[in-house]
Amino acid sequence: MSAMLRYVTKKLLIGAVIVILVPTFIFLIMQLVPGDPITLMAGERATRERIEELKRTWGLDKPAYIQYLYWLRNLLTGNMGYSYIHKQPVAYLIKSRLFYTIVLTLPALLLSFIIGVPLGVIAALKRGKFIDNLTEGVVTFFYSMPTYWLGLMLMLIFGLRLGWFPISGISGAKSAVLPILTYALPSIATSARTARTEMLEVLTEDYVRTAWAKGLPSRKVILSHALRNALIPVTVMFFLNLPWIIGGAVIIETIFAWPGMGSLLYKSIVKQDYPVVQAIVFIIAVLTVICNILGDIIAAFLDPRIRLEQEEA
Amino acid sequence: MGVLKNLKSRRALTKTQATIIALIIIIATVGVAVYYFTLPPKVQYKRTLTIAIPEEPEGLDIQQVSWSNEVHDLVFQPFTAFNENMGVVLDLAEFVTMDNNSITIKVPEDAKFSNGNPITAQIIADSIERYRKLSPYGSDYELVKDYEIINETTIKIIFNGPPTYVWYNDLTNVYGAVVDAKTAKEVGDDAFNLNPIGSGPYKVKEWVQGSHVTLERNEFYKTNLPFVENKGPNPYIDEIIIRFIPEDLTRISELEAGNVEIVRGVPVDAISRLKENPDVTLYEVLTPGVEYIMINVRKPPLNDVRVRQAMMYAIDRDAIAVTLENTVLPCYSYMSPSMLAYNASLEEYAESMYAHNLEKAKDLLEEAGWVDTNDDGIVDKNGQPLELELLVPNDEPKLKRIGPLIQSQLAQIGIKVNIKEYTYDYIRDRTRNWNFELACRFYSWFDPAGILPYLLHSEMGNYTYSNPEVDELFELDRTTVLDPVERTNVYTKIQLILLNDTPWIPLFINKDYTAVRKTVEGLHVMPPFGTLYFNDVKVVQTRSYFTLHAMLSFAALLIPESLFINSVKTLGGNVEKRRK
């Protein structure tokens with residue numbers, strides 16, 4: 001157990017460093033881009049003096065390292081900064097949009113595992129038969145489909161032509177169906193593929209053959225031997241994908257006029273609204289570190305070999 | 001068995017009785033049907049109207065944003081406005097006048113903001129001071145010296161020079177509208193940016209970030225606009241919802257499905273389809289602005305005016321218009337017909353001067369020393385080929401589309417153009433820093449004094465072009481009160497000089513399209529920006545509901561009746577049997 005503790009602590013320390021480094025890196029990149037949000041924002045009729053005045057008010061005339069230190073200090077006191085473009089605290093912007101992003105990405109992620117994994121497992125078990133070929137075909141179709149095209153097709157067919165679902169916007173549970181589907185279908189395809197590959201690999205392992213040879217009932221072989229091992233990489237993948245539910249899906253949000261974090265992030269990058277970009281990136285970085293650690297712990301829990309390796313070390 | 005038969009015969013009707021009942025039912029049904037179908041169509045009105053626009057505003061407080069949209073137009077009310085002929089008319093103000101150094105505004109005695117607070121002379125002054133402090137365009141009022149409160153509802157603004165700039169550029173649109181500065185101070189600027197208070201026909205009910213703004217009727221609204229019939233709140237439309245839908249196809253689909261009534265920013269591809277749609281009306285407004293290529297006149301070889309003029313001749317503006325499916329108007333001069341002080345004969349002159357002429361273009365290049373000596377299709381001079389970089393905005397669809405076309409048109413006279421795509425904001429920044437060769441740009445503002453100096457005056461614009469004669473003419477308009485004819489003369493003179501100096505290659509004037517479903521009646525679409533006025537609007541509820549209801553009721557009556565007739569028939573049969 002103490003080995004585990006050491007392992008986790010080491011990971012947390014590295015994680016803390018990453019969490020600071022990533023937004024710093026973003027800050028540096030955005031400094032390299034010429035211009036600043038005020039100049040970009042102001043139209044023709046704004047005089048040069050006026051622009052300089054506004055920059056002074058926002059502290060954008062200060063040298064880069066001073067702005068960075070301000071940001072760092074704010075972060076450590078829990079202040080996520082202030083958006084130049086929207087003139088609102090970044091926390092307010094994120095709060096108003098986070099819910100809509102999660103409503104989209106979380107169900108899609110869950111669906112991709114609840115439907116995708118069993119699909120992949122069944123395809124692996126019935127390898128070569130009709131089910132497997134059908135699944136492979138459908139999965140490849142959705143896997144290679146560009147999001148933009150899939151989203152627009154679903155919208156035009158089920159929204160405009162048939163009128164079964166709203167075309168865009170947030171107007172209740174029904175309006176979330178098409179965006180979630182657009183996000184989920186390719187995800188289901190990816191999960192199914194991975195699950196199938198893992199399962200096939202495990203089924204050819206020696207210990208599984210031994211189990212068959214021993215005469216164990218099929219169900220026991222599949223469930224407690226094959227599946228248990230095949231699902232380890234799949235579970236880890238689930239945790240690694242978890243942080244991205246915050247970033248949202250820019251394309252889907254744009255097509256369906258969905259007010260999520262994805263479109264906020266994109267808009268902020270284009271308009272050089274640094275505080276928003278850094279705040280969102282910071283959140284994603286923190287979540288990534290946490291989920292990585294969680295993923296490792298769970299993998300160690302499920303796979304005794306990893307635990308033993310740690311203890312040996 | 002016999003007992004049963006007796007029971008049956010006692011319950012059965014006689015044939016005559018059955019016939020009479022059937023007749024009554026038939027007559028009643030026919031009567032109801034006639035009643036329903038010959039009634040004059042009952043018109044019902046929809047109480048909510050939805051508008052779809054491409055981009056969400058930065059904020060809702062007009063004094064804190066750098067561009068305005070439909071939300072601001074509904075929440076705020078300017079003192080004056082433009083009618084169809086670009087003449088100045090009254091809106092909030094009861095009376096406005098201007099002399100050499102002052103503007104006097106009188107608002108109605110009962111003028112109120114949407115929260116019931118009165119609009120007083122003092123609050124107008126406070127509002128202007130707030131604008132000067134907060135807005136990127138605060139320098140509009142830089143000549144303001146003092147305020148004289150003549151009475152509760154009349155204010156005299158005193159200037160250090162002529163007040164024409166404010167008269168045309170601020171009073172006539174929402175940027176110059178009075179805001180409830182008192183409330184702004186109480187709640188703070190951030191909160192006011194989320195929920196501003198103006199005197200427009202609607203007020204903010206809810207803003208769902210990234211999705212939509214819901215506006216509800218302002219019961220205190222009053223106007224003096226001459227071109228609307230209803231000068232108060234619109235009793236038919238309780239709420240207006242403005243939705244932000246950035247994707248073109250989605251926006252148009254919502255219109256076609258009838259989920260939104262009005263769409264702004266109709267993309268080029270959808271125009272022909274919408275023109276043929278029987279449920280939709282397309283409104284076309286010429287933008288008060290020009291889209292052009294800005295030239296860095298200080299960077300060789302562009303510092304040679306002959307090279308610049310050659311490009312003017314080489315561009316085929318008609319071909320550009322055709323490529324953009326005639327959603328633009330070719331332009332050879334520096335102003336648009338939707339602008340004040342526009343001179344149509346100057347545009348004609350410019351067109352005749354620079355009509356598309358490849359030979360003339362090549363001659364000019366040759367004169368400047370550019371010839372194709374090595375036969376590679378590109379002209380050169382002193383061993384250097386004529387290669388230029390053109391900055392094209394990837395977020396402006398029309399300019400993006402014609403970038404390659406311009407490249408090929410200039411290739412025809414031997415100029416090699418390399419296209420670099422960036423966002424428009426970035427390109428504008430590069431041109432401000434003189435770090436470019438050719439750049440696609442556009443402007444959109446109805447008063448030349450409010451935009452052209454910021455682009456062409458040596459100091460106010462501070463771009464690469466500088467001509468003291470042009471500077472002097474701009475300053476003449478700024479420092480003297482000129483009447484409209486004199487103003488037109490000044491800008492004609494300016495453009496004549498510009499046509500010779502060629503700091504820009506004007507390309508076209510954009511046509512703005514607004515698509516409106518035919519269920520919307522009484523909408524006014526006014527220049528210069530196609531501003532929408534909803535005072536007289538009613539949205540007709542589609543009648544299909546009503547007819548369906550009628551048909552269903554009719555069917556409901558029919559069904560039990562037909563069952564009855566069947567049972568009557570059987571009964572009749574029994575009666576027959578009994579007789580036997």
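Remember, predicted model here, so these are calculated numbers, not experimental data.

Definitions and limits used
- Residues numbered from 1 in each chain as written.
- Chains lettered and ligands numbered in written order.
- Predicted model: local features only at pLDDT ≥ 70, side-chain atom pairs only at ≥ 80, totals over all residues.
- Heavy atoms only, no water.
- pLDDT = per-residue confidence, 0-100.
- Contact = heavy atoms within 4.5 Å.
- Helix = DSSP H or I, 4+ residues; strand = E, 2+ residues; numbered from the N terminus.
- Expected span 1.5 Å × (residues − 1).
- Buried < 20%, exposed > 50% of the residue type's maximum accessible area, 1.4 Å probe, protein only.
- Patch = residues over 30% accessible without salt bridge, like charges linked within 9 Å, V, L, I, M, F, W, Y side chains within 5 Å.
- Areas by Shrake-Rupley, 256 points an atom, 1.4 Å probe, with all protein chains shown as cover.
- Salt bridge = Lys/Arg side-chain N within 4 Å of Asp/Glu carboxyl O.
- Pairing = 2+ DSSP bridges.
- Axes fitted to C-alpha atoms, helices over the stretch in contact; angles between N-to-C directions.

A. Representation of the confidence of the model for chain B. Residues and elements named next belong to chain B. Summary statistics for chain B give a mean pLDDT of 90 and a share of 90% for residues scoring 70 or more. Confidence over residues 572-580 falls short of pLDDT 50; this stretch has four contacts with residues more than four positions distant or in other chains. Predicted complex, confidence summary: ipTM 0.84, pTM 0.83.

B. Representation of helix α4 (residues 121-134) of chain B within the structure. A rise of 1.5 Å per residue sets the reference length of α4 of chain B, with its 14 residues, at 20 Å; its end C-alpha atoms lie 20 Å apart and thus fit the reference within 8%. Along α4 of chain B, the residues classified as buried are A121, I123, I124, A125, S127, I128, R130, Y131 and L134 of chain B. Check the buried side of α4 of chain B and you find it contacts α3 (48-58) of chain A together with β7 (144-151), β8 (154-159), α6 (181-187) and α7 (189-194) of chain B.

C. How the structure looks around a nonpolar patch on the surface. Residues and elements named next belong to chain A. Residues L106, L110, L111, I114, I115 and L119 make up a contiguous nonpolar surface patch of roughly 450 Å² in combined accessible area. Broken down by element, the residue count for the nonpolar patch peaks at four residues, all from helix α5 (residues 90-114). Its place among the elements puts I115 in the loop between α5 and α6 (116-125). Of the residues examined, I115 reaches a relative accessible area of 39% and is grouped as partly exposed.

D. Examining the sheet that holds strand β6 (residues 102-106) of chain B more closely. Residues and elements named next belong to chain B. Spatially, β5-β6-β8-β7 is the arrangement adopted by the four strands of the open sheet, whose pairing is antiparallel. The two strands at the open ends of the sheet, each matched to only one other strand, are β5 (95-99) and β7. Neighbour to neighbour, the strand axes of the sheet diverge by 15° on average, direction disregarded. Contacting β7 and β8, α4 crosses the sheet at an angle of about 165° to β7.

E. Highlighting the pairing of strand β10 (residues 212-217) of chain B. Residue and element names in this part refer to chain B. Along β10, five of the six residues are buried, which leaves the element largely enclosed by surrounding structure. Connecting strand β9 (residues 202-208) to the next strand, β10, in antiparallel fashion are three residues, including G210 with a positive phi near 80°. As paired elements, β10 and strand β11 (residues 239-244) share five bridges and run antiparallel to each other. Each bridged residue has a counterpart across the sheet, and for T214 the counterpart in β11 is I241.

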